[in-house]
Amino acid sequence: MLDNQAAKAIVLGSLGIHRPINSIDQALDTLHLFQIDSVNVFARAHLMPAFSRVGAYDLGEFEAKAFGAGQAPNYREYWAHCAALIKPQDWDLFEFRRNEYRGRERVKEVLSPKHKLAGWIKAELNNNGPMTIAQFEHDANKRTGNWWGWSEVKTILERLHFAGEVVSAGRTNFSRLYALPEQVELPRLGISETEQKLELMRRSAKALGIATEGELADYFRFYKTEARPYIKQLLQKGELVEVKVEGWSEAGYALPETLENPMDLDYSRPLRLFNPFDPLTWHRDRTRRIFDFDYMIEIYTPEQKRKYGYYTLPILYRDQLVGRADLKHDRKSGSLLVQSLWKELWVSKSLEKQMAPYLKTELELAMKWVGAKKLIPPSRGNWPL
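What counts, and at which threshold
- Residues numbered from 1 in each chain as written.
- Predicted model: local features only at pLDDT ≥ 70, side-chain atom pairs only at ≥ 80, totals over all residues.
- Heavy atoms only, no water.
- Helix = DSSP H or I, 4+ residues; strand = E, 2+ residues; numbered from the N terminus.
- Buried < 20%, exposed > 50% of the residue type's maximum accessible area, 1.4 Å probe, protein only.
- Salt bridge = Lys/Arg side-chain N within 4 Å of Asp/Glu carboxyl O.
- Pairing = 2+ DSSP bridges.
- Contact = heavy atoms within 4.5 Å.
- Axes fitted to C-alpha atoms, helices over the stretch in contact; angles between N-to-C directions.
- Parallel < 35°, antiparallel > 145°, perpendicular 65-115°, else oblique.
- Nonpolar A, V, L, I, M, F, W, Y, C, P; charged D, E, K, R; others polar.

Visitor: Got a minute to help me understand unusual backbone geometry in this structure?
Guide: Most of the time, phi is negative for any residue but glycine, and the peptide bond is trans. Here the phi dihedral of Asn 173 falls at roughly 50°; this positive angle occurs in a residue that is not glycine. We note that Asp 292 has phi near 50°; this positive angle belongs to a residue other than glycine. With respect to the helices and strands, Asp 292 occurs in the loop between α13 (284-291) and β9 (312-317). Note on Asp 292: relative accessible area 58%, which makes it exposed.

Written out as structure tokens, the structure reads:
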């Protein structure tokens, strides 16, 4: 039986938290993906996991690696968790998923040689090279409705993208550059569907440290029933072991080497900000069970019903999630606004005092990282700055 404290240390170390992660590449190697999201009130979601681990890295370097900044990007985009950045050598690990999409009726329709608009789109890419959605000049490329409001051209491009018939060649001003596969370097591993899924389960276990069956499945967006036979295979091979953890009602699973060689945690940066789409907190039940922290993003909650704020960032102090900050980068005034700052109700006055200098340091680090010049204290919350 592993106590919860030891389990937390394994989880944090496996996720690259409180241990030496010195580059964007190292952060991606550790997590295997950066989830992409368009919300830019503070900093986009894919930028944050490296910040939480590396610190105030060069945003221009990330832009070049992730989206090309006018050149070929180092990373690739695919539906690894949700839309995500992955290493190019990992592209083939999701071939099974592209095959599944190719079998869906709506995708089969646009893959048909008889589909004139899809054929026109591919011809445009073939003739012009990578293109953003705005560069497709067609009557069917007009936004409709509200919310996503995708045009027919955009809808077809996304279906082709799911199937791998069209790929991403980077982004320009966050707008995806669509390309034909032959226009982008995509290393091929040539491994079977079974080995693809086994490798993704291994990677889930390595990144999460200890996880239940459902959490292993969720990391790369498998259904539990889909992941179960591959988890079983890894258990039979001895590549995974079952772990009982104090307070867990379900069995946990881990790689043997994770348990045999636990990492020493380095608390030289004891307090860190995280993003809602970081693997540390993206699974609500797991976050609640391991850290006793109930976290939910409130973007989709009507403003009058929000408890903490539009886009709160979880705050980790050493091995405890202690609160959340709703940050906004006001680019016009050059300010980082702490719109609200909340500590958990169990946080004592002495702990609050202990954390105060580290919280200020982390917020100032975030301010400099996004290029703001002023830090504006919170106007809401129970945690004064």
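Visitor: Help me understand the pattern of salt bridges, please; the structure alone is not making it clear to me.
Guide: Pairing of side chains with opposite charge becomes possible as their charged atoms draw close. Evaluation of the coordinates by the stated rule reveals 32 salt bridges. With a shortest N-O distance of 3.0 Å, Glu 95 and Arg 98 are connected by a salt bridge. Placement of both Glu 95 and Arg 98 in helix α5 (residues 95-102) is noted, with a separation of three residues, approximately one turn of the helix. Of the two residues examined, Glu 95 and Arg 98, each falls in the buried class.

Visitor: What is the right way to look at the sheet that holds strand β3 (residues 83-86) in this model?
Guide: Strands belonging to one sheet form pairs held by backbone hydrogen bonds; the direction of such a pair is parallel or antiparallel. Strand order across the open sheet formed by three strands is β1-β3-β2, with antiparallel pairing between neighbours. Looking at strand neighbours, the two that pair on one side only are β1 (34-35) and β2 (76-79), the edges of this open sheet. Examined bridge by bridge, β2 and β3 share four bridges and lie antiparallel to one another. Within β3, the position partnered with Arg 76 by the bridge is Ile 86.

Visitor: Is there a simple way to explain the environment of Gly 309 in this structure?
Guide: Position of Gly 309 among the secondary structure elements: in the loop between α13 and β9. By relative accessible area, which is 5% here, Gly 309 ends up buried. In this structure, the C-alpha to C-alpha distance between Gly 309 and Leu 327, residues 18 residues apart in sequence, is 9.0 Å. Filtering out sequence-adjacent residues up to four positions away, Gly 309 remains in contact with Glu 298 and Asp 326.

Visitor: Help me out: how do you make sense of the packing of helix α7 (residues 116-128) against helix α8 (residues 152-163) in this one?
Guide: Between two packed helices, both the angle of their axes relative to each other and the distance between the axes serve to describe the pair. At a minimum axis distance of 10 Å, the contact between α7 and α8 shows a crossing angle of 75°. As judged from the angle between their axes, α7 and α8 are roughly perpendicular. Between α7, through Leu 117, Ala 118, Ile 121 and Lys 122, and α8, the contact on the second element is made entirely by Glu 152, Val 153, Ile 156, Leu 157 and Leu 160. Across the contact of α7 with α8, the residue classes break down as seven nonpolar, no polar and two charged.

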